[in-house]
Amino acid sequence: SRSYEIGTKWELIDRHLLLSVAPFQTDVTNARETAPNGLPGYTSGQIVPNAAYRVRGIDFEATGKITSKWSVMGGFVTMDPKITKSIVPTNVGLQLANIAPQSFNFLTKYQITRRLELGGQSVYASKIKGGSLLAANGGIAFPGTPNPTFLPSYWRFDIFAEHRFNSFLSLKLYGQNLTNKTYYDSLYQSAQPFVKVAPGRAVYLTVAFNFNKL
C-alpha cells in the first residue's frame, strides 16, 4: 500500500483553537479477493491475489481550548473507496465493501473544579454497504444493478465524569450509548450471513492508579 497526504493547519482564537484539513489517497495493490461462483478459470471461494483498490478522502480536525476550563476535540472524515482492479471485470469502479464513507466524532470536556472534570462525546458513522467479495454486492455475484445489504448509519452519545483524588488516584464514571441505540459493529455476508450488534447502554466505573507518582 502507498499513502499520500497533504494538509494545512490554522491557529484561531488567539491560538487557542487548532484547525487542520488534509486530503489523502491510499492505493492498495496485490490485494486478496474471493472468487465468486461461476467465474471461468477459478474455483468458487478461491482466494486470489493481485486485486487493487483506491481510497480518496479528506480529513477535517479541530482541537483546542475555548476557555481555560473548556476544551474540545473533533474530526470528520469523508472518503471514496473504489475498486480499481479485480478478477471480476464488473467489480471495477464499485465501492469497496464494509467501509463507512463518512465518520465523525466530537468530544468536549469542562473542568468544574481543580479535581473534577465533566465531558461528553458524539460519534457518527454513515451507512456501510456489505459484501461477501471485494465489492459491495456488485459484479458477477449480484448481476444487474447492485442492491447491497447494508448496515444503517448511526449516532452514539456518551458522557463521562472524572475525579482526581490526588496525583496518583483517580475515579472515572463513563456512560456509553446513552440513548440505547441499536447499531452494528460489522457485517459478514455469506451463505450464513450475520452481524455483530454493538453494545447497548452501558455504564463503566474505572479506578486508575499512577504508581509513578507514589
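Preceding this paragraph is the structure being described.
Quick caveat, the model's predicted, so the values are computed rather than measured. (Residues numbered from 1 in each chain as written. Predicted model: local features only at pLDDT ≥ 70, side-chain atom pairs only at ≥ 80, totals over all residues. Heavy atoms only, no water.)

Considering unusual backbone geometry
How we decide: Where helices and strands are cited, they refer to DSSP runs of H or I of at least four residues and of E of at least two residues respectively, numbered from the N terminus. Partly exposed describes any residue whose relative accessible area lies between the buried limit of under 20% and the exposed limit of over 50%, with all areas from a 1.4 Å probe on protein chains only and scaled to the type maximum.
Here the phi dihedral of D14 falls at roughly 55°; this positive angle occurs in a residue that is not glycine. Within the element layout of this structure, D14 appears in the loop between β2 (8-12) and β3 (17-34). Despite not being glycine, N30 has its phi angle at roughly 55°, a positive value. Inspection of the secondary structure puts N30 in strand β3. Among the residues examined, N30 registers a relative accessible area of 52% and is labelled exposed.

Things to note about the nonpolar core
In summary, soluble globular proteins display a tendency toward joint burial of nonpolar side chains. The criterion, for reference: Buried residues of nine kinds, namely Ala, Val, Leu, Ile, Met, Phe, Trp, Tyr and Cys, make up a nonpolar core once their side-chain atoms join them within 4.5 Å. Working rule for contacts: check all heavy atoms of both residues, and any pair within 4.5 Å makes them a contact.
With seven residues, the main nonpolar core is built from V28, A31, A51, I83, L96, L134 and A135. Residues in contact with A31, not counting those within four places in the same chain, are V48, P49, N50, A51 and Y53. Ranked by size, the runner-up nonpolar core spans five residues in total, among them A35, V48, I87 and V88.

Overview of the pattern of salt bridges
Operational definition: We define a salt bridge as a side-chain nitrogen of Lys or Arg found within 4 Å of a carboxyl oxygen belonging to Asp or Glu.
A complete count under the given rule lists four salt bridges for this structure. The shortest N-O distance in the salt bridge between R15 and E11 comes to 2.9 Å. Its relative accessible area of 64% is what places R15 among the exposed residues. A salt bridge links R156 to D158, with the nearest nitrogen and oxygen atoms 2.6 Å apart. Residues R156 and D158 agree in their burial class; the two are buried.

Overview of the environment of F168
Along the chain, F168 falls in the loop between β10 (154-164) and β11 (169-176). In this structure the C-alpha to C-alpha distance between F168 and S122, which are 46 residues apart in sequence, comes to 29 Å.

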